[in-house]
Amino acid sequence: MTSYNLFYLPGDGIGPEVMAEVKRIVSWMNTQGIAKFETDEGLAGGSAYDAHGKAISEEHMAKAQVADAVLFGAVGGPKWDKVPYDVRPEAGLLRLRKDLGLFANLRPAICYPALADASSLKRNVVEGLDILIVRELTGGVYFGEPKTITDLGNGQKRGIDTQVYDTFEIERIARVAFDLAKTRRNKVSSAEKRNVMKTGVLWNEVVTRVHKEEYPQVTLEHVLADNCAMQLVRWPKQYDVIVTDNLFGDVLSDVAAMLTGSLGMLPSASLGAPDAKTKRRKSLYEPVHGSAPDIAGTGAANPIAMIASFGMALRYTLGLGDWADRLDAAISAVLAKGLRTKDIASEAQPANATTTQMGEAILKELQAAA
Ligand code: IPM
Ligand code: MG
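All of these numbers come straight from a predicted model, not from anything done at the bench.

This paragraph deals with the overall build of the protein. Each helix and strand in the protein was counted, giving 12 helices and 12 strands. In terms of C-alpha radius of gyration, the protein reaches 20 Å, essentially the compact-globule figure of 21 Å for 370 residues. Summarising its shape, the C-alpha atoms of the protein cover approximately 60 × 50 × 50 Å along the three principal directions. The burial tally for the protein puts 53% of its 370 residues in the buried class. Expressed as a percentage of contacts within the protein between residues at least 6 apart in sequence, the contacts between residues at least 24 apart total 73%. A total of about 15,700 Å² of accessible surface is found on the protein, and carbon and sulfur atoms cover 53% of it. For the protein, the centre of its 42 positive side-chain charges and the centre of its 45 negative side-chain charges are spaced 3 Å apart.

For the rest of this paragraph, the subject is the packing of aromatic side chains. Geometrically, a pair of aromatic rings is defined through the distance of the ring centres and the angle of the planes. In total, this model carries four aromatic pairs according to the counting rule given. Ring geometry for tryptophan 28 and tryptophan 323: centres 6.0 Å apart, planes at 65 degrees, overall edge-to-face. A residue pair is termed long-range when its members are at least 10 positions apart, and tryptophan 28 in helix H1 (residues 15–31) and tryptophan 323 in helix H11 (residues 321–336) qualify at 295 residues. On the accessibility criterion, tryptophan 28 (10% relative accessible area) is buried.

Another aspect to go through is the side chain of serine 291. For serine 291, the position within the fold is in the loop between strand E12 (283–285) and helix H10 (304–316). With sequence-adjacent residues up to four places away left out, serine 291 is seen in contact with Asp12, Gly13, Ile14, Ala74, Val75, Gly76 and Gly77.

Further remarks concern helix H6 (residues 167–182). Since the α-helix advances by 3.6 residues per turn, residues separated by three or four positions end up pointing in the same direction. Spanning 16 residues, H6 covers 23 Å between terminal C-alpha atoms, matching the ideal 22 Å at 1.5 Å per step. Looking at H6, one finds that the buried residues are Glu169, Ile170, Glu171, Ile173, Ala174, Val176, Ala177, Phe178, Leu180 and Ala181.

Turning next to the domain arrangement of the protein. Think of interface size as the accessible area that goes away when the parts come together; that is how it is often given. Its domain assignment divides the protein into domain 1 (1–108 + 266–370) and domain 2 (130–259). Here domain 1 and domain 2 have C-alpha centroids that lie 24 Å from each other. Counting from both sides, the interface comprises 16 residues of domain 1 and, opposite them, 19 residues of domain 2. In total, about 1,500 Å² of surface goes out of reach between domain 1 and domain 2, with carbon and sulfur atoms giving 67% of it. Counting the surface domain 1 buries against domain 2, the share from its top three residues, Lys98, Phe103 and Arg107, is 41%. Summed over the shared surface of domain 1 and domain 2, the result is zero salt bridges. On inspection of domain 1 and its partner domain 2, the count reaches five residue pairs in polar contact (both at pLDDT 80 or more). Elements supplying a minimum of two residues to the side of domain 1 that touches domain 2: helix H4 (89–99) and strand E4 (104–110). It is E4 that provides the largest number of residues to the side of domain 1 that touches domain 2, a total of five residues.

The rules behind the values
Going along each chain's sequence as written, the residues are numbered from 1 onward. Chain letters and ligand numbers both follow the written order, the letters beginning at A and the numbers at 1. At least 70 in pLDDT is required for a residue's local features to be given in this predicted model, at least 80 for side-chain atom pairs to be given and counted, and no such filter applies to totals for whole chains, interfaces and linings, which use all residues. Side-chain measures here rest on the full set of heavy atoms in the structure, leaving out hydrogens and waters. A helix here means a DSSP run of H or I that spans at least four residues, while a strand means a run of E at least two residues long, and both kinds are numbered starting from the N terminus. Only C-alpha atoms enter the radius of gyration, while the globule expectation follows 2.2 Å times N to the 0.38, with N the number of residues. Partly exposed residues are those whose accessible area sits between 20% and 50% of the maximum for their type, while under 20% is buried and over 50% is exposed, using a 1.4 Å probe and protein chains only. Contacts between residues were defined by any pair of non-hydrogen atoms, one from each residue, lying within 4.5 Å. Every accessible area reported is derived by Shrake-Rupley at a probe size of 1.4 Å, with residue values counting cover from the shown protein chains alone. Only four residue types enter the tally: Lys and Arg on the positive side, Asp and Glu on the negative side; His and the chain ends are excluded. Where a charge lies is defined by one atom per residue type: Lys uses NZ, Arg uses CZ, Asp uses CG and Glu uses CD. Pairing of aromatic side chains requires ring centres within 6.5 Å, counting the rings of Phe and Tyr and the six-membered ring of Trp. Pairs whose planes differ by under 30 degrees are stacked, by over 60 edge-to-face, and all others tilted. Expected span of a helix: the number of residues minus one, times 1.5 Å. Note that the domain bounds were set by an automatic or database domain assignment. Accessible area that two parts lose when put together, with a 1.4 Å probe and added across both, is what the buried area reports. Take a side-chain nitrogen of Lys or Arg and a carboxyl oxygen of Asp or Glu: if they are within 4 Å of each other, that pair is a salt bridge. The term polar contact refers here to a pair of N or O atoms within 3.5 Å; inside protein, the definition further demands a hydrogen-donor-capable atom paired with an acceptor-capable atom, and it admits residues adjacent in sequence only when both atoms are side-chain atoms.

Set out below in structure tokens:
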């Protein structure tokens with residue numbers, strides 16, 4: 001049996017609590033001989049800052065570099081609001097994305113039928129929703145230089161962020177989106193702001209060319225990013241795959257998350273380019289939600305986004321797609337049986353499960369299906 005090396009970075013806030021539910025599933029799969037997972041654990045974010053003054057240490061970066069998959073919880077919290085910008089908790093996550101070359105961020109927003117009433121939108125708008133946001137993750141305004149605040153000397157300061165994209169960055173993320181669309185409903189919507197931004201003009205041009213030359217059989221439409229946000233709350237089922245830049249992807253995926261009932265439901269996969277020799281892609285899997293410091297330690301966190309992120313690792317990195325399907329089915333079954341953490345509760349289906357109870361119930365379903 002191939003053995004895989006998983007590197008846990010639970011992070012801050014509810015990160016360790018939701019990660020504990022993944023660890024439970026990983027140990028069970030190990031004891032059943034379903035897979036051979038070697039696991040190791042490190043610190044990222046505020047917890048890393050507290051331990052060694054950096055948002056992630058060199059030692060833990062090196063471990064992340066060699067891991068088959070990094071499983072990441074969440075980082076940040078008010079405790080670290082005042083730490084220097086370069087070592088703020090989020091810097092650890094951004095460095096992982098950049099140094100591992102994880103340019104493709106896949107954020108599937110699926111509304112489980114049982115949760116249609118937990119969304120703030122009407123049931124018919126979200127029920128059965130299954131869209132995929134493909135977010136560019138290592139470029140754009142997140143990393144562009146200059147990125148500064150300068151003192152203008154007249155009582156004014158100037159803040160600068162730089163949005164920058166090169167052709168190859170747009171080409172490779174477009175290919176990821178088109179390839180995934182072919183396995184789904186064969187439609188890509190490319191979102192940018194070409195009416196205001198030069199990067200948007202280039203984005204539009206490059207996506208159009210890649211489509212024409214390499215994927216003419218896939219349906220492509222272009223949408224302005226602000227309009228895309230509006231369409232997502234108006235009638236999200238018009239979309240299949242949405243491909244967009246780093247910043248628009250950040251915003252649009254939070255919108256998409258709420259369509260599923262809760263931010264606590266959205267998993268993500270961040271993938272690098274396939275290695276020329278081994279074909280292996282570096283990868284990191286993380287829930288889209290944050291560290292939710294307000295509920296940390298109360299047992300209220302929903303572990304589903306974290307567990308589903310592990311499911312994406314099974315599918316995209318570990319070659320265990322059948323187990324990814326079973327895990328998704330287990331999540332769906334638990335929800336259908338009425339189990340709810342606070343974030344996905346509704347009047348008809350009040351909260352009745354802690355983080356651990358939700359994790360245990362999902363594992364139980366998985367065991368029953370084994
Ligand atoms: C996300 C988060 C991160 C981002 C933060 C924590 C840096 O919001 O993954 O969506 O902005 O990318
Ligand atoms: Mg975000």
